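# Structural overview for review
One letter stands for each residue in the lines below.
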Amino acid sequence: MPAPDRPSRTEPGLALALWSRAHPQWASVGVLLLGWLLVAWGLPPQPAGVGLACQALSGVLLSAWLRLPVWWWAINAGFPAALHGGVALHWPPMVFLSIFLTLTLVYWTTFSTRVPLYASGPAVWDLMARCLPPQPGARVIDLGSGLGGLALHLARQPGSPAVLGLELAPLPWLLSCCRARWRRSGCRFRRQDYRRHDLSSYDLVLAYLSPAAMPALWQQLVSQLKPGACFVSCEFAVPGQAAVALPGSGQAGVPPLYVWRMGRDGVLAAGPGPDLEAVFLKDLPCS
Ligand SMILES: C[S@@+](CC[C@H](N)C(=O)[O-])C[C@H]1O[C@@H](n2cnc3c(N)ncnc32)[C@H](O)[C@@H]1O
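None of these values were measured; they are calculated from a predicted model. (Residues numbered from 1 in each chain as written. Predicted model: local features only at pLDDT ≥ 70, side-chain atom pairs only at ≥ 80, totals over all residues.)

### Points about the overall build of the protein chain
What the protein chain contains, in helices and strands, is ten helices and eight strands. Looking at the protein chain as a whole, 23% of its 287 residues qualify as buried. Long-range contacts, defined as pairs at least 24 residues apart, comprise 63% of the intrachain contacts of the protein chain with a sequence gap of at least 6. (Helix = DSSP H or I, 4+ residues; strand = E, 2+ residues; numbered from the N terminus. Buried ≥ 20, exposed ≤ 12 C-beta atoms within 10 Å, placed from the backbone. Contact = placed C-beta atoms within 7 Å.)

### Structural notes on the pairing of strand β7 (residues 257-262)
With six of its six residues buried, β7 lies for the most part within the structure. As judged from the five bridges shared by strand β5 (residues 230-234) and β7, these two strands associate in the antiparallel manner. Bridge assignment links phenylalanine 231 to a residue of β7, and that residue is tryptophan 260. Bridging between strand β6 (residues 244-245) and β7 involves two bridges; their strand directions are antiparallel. By the bridge assignment for β7, alanine 245 is matched with tyrosine 258. Across three bridges, β7 lies against strand β8 (residues 268-270) in antiparallel orientation. The residue of β8 that forms the bridge with tryptophan 260 is alanine 270. The hairpin formed by β7 and β8 contains five residues between the paired strands, and glycine 266 there has a positive phi angle of roughly 80°. (Pairing = 2+ DSSP bridges.)

### Details of the pairing of strand β1 (residues 139-143)
With four of its five residues buried, β1 lies for the most part within the structure. Sheet topology places β1 next to strand β2 (residues 162-166); five bridges connect them, and they run parallel. Looking at β2, one finds that valine 140 is bridged to valine 163. Taken together, β1, helix α7 (residues 149-155) and β2 form a β-α-β motif whose crossover is right-handed. (Right-handed = clockwise from strand over helix to strand, strands pointing away.)

### Description of unusual backbone geometry
Phi is positive for tryptophan 108, which is not a glycine, with a value near 45°. As for its position among the elements, tryptophan 108 is in the loop between α4 (93-107) and α5 (110-113). Even without being glycine, arginine 184 reaches a positive phi, approximately 50°. Assignment of secondary structure puts arginine 184 in the loop between α8 (170-182) and β3 (188-190).

Here it is, written out as structure tokens:
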């Protein structure tokens, strides 16, 4: 009789999987526990400066141990002092609650999507506008439209493209809707997770997300984009996929804009295709 399936010794067990996914949190819990134990064991009270220095040091050591980027070391070192200073201001608890609620409404599910809010600028918008399909009323979607600047800019372009911005976080979404109404723009904003949105009817799909979001988004695009549709990603390429950056991007403070086109053979290939290439090549000094 064949032996029942058992996890092999090389497969990580559940505990190891949980640890490796959340080890920063576990490490923080460990440090907090240690502090509590020291107090419980009767450590004499220390001046506030000593406590703050210890906390800053433990923040830096934890950051180094977890191999966080250097800017996180600074944040973790400065956070206890900022917290102490904030408490010393004796602001009513309502202020902290309001700040917390505002940040929650802005960042919403960033902890799970791993895509925070940061807005692209006019230089990116202009390059994206040149990727608009030539046919009037082309359908365009911005996945994670943030404050709506990019989508509103595209909706203003000649040919009146039908632009939809999808945004998960409530406050940026609300702000985008107000901006669209204020400007009497035809641009629409919907509060929805783009992972639950069918992309098969769009001519141009835009995204400015994060490296963490790209692999799953790629799978979604491969299975949903129609032939001839373009996908443009601001700043982030897709791991393991060839990428071509649009001329004029990736220099002078403008992040690279990577572009792919869905072929008639159902292959999402790097590069803008001949018509878009012509748009960009015509402005190069050598042409
Ligand atoms: C880097 S910002 C880009 C904003 C905008 N596209 C721009 O260019 O200014 C990314 C936005 O995507 C949103 N987001 C992240 N994951 C999302 C998801 N699964 N569905 C919809 N929006 C999402 C975030 O809330 C954030 O506002």
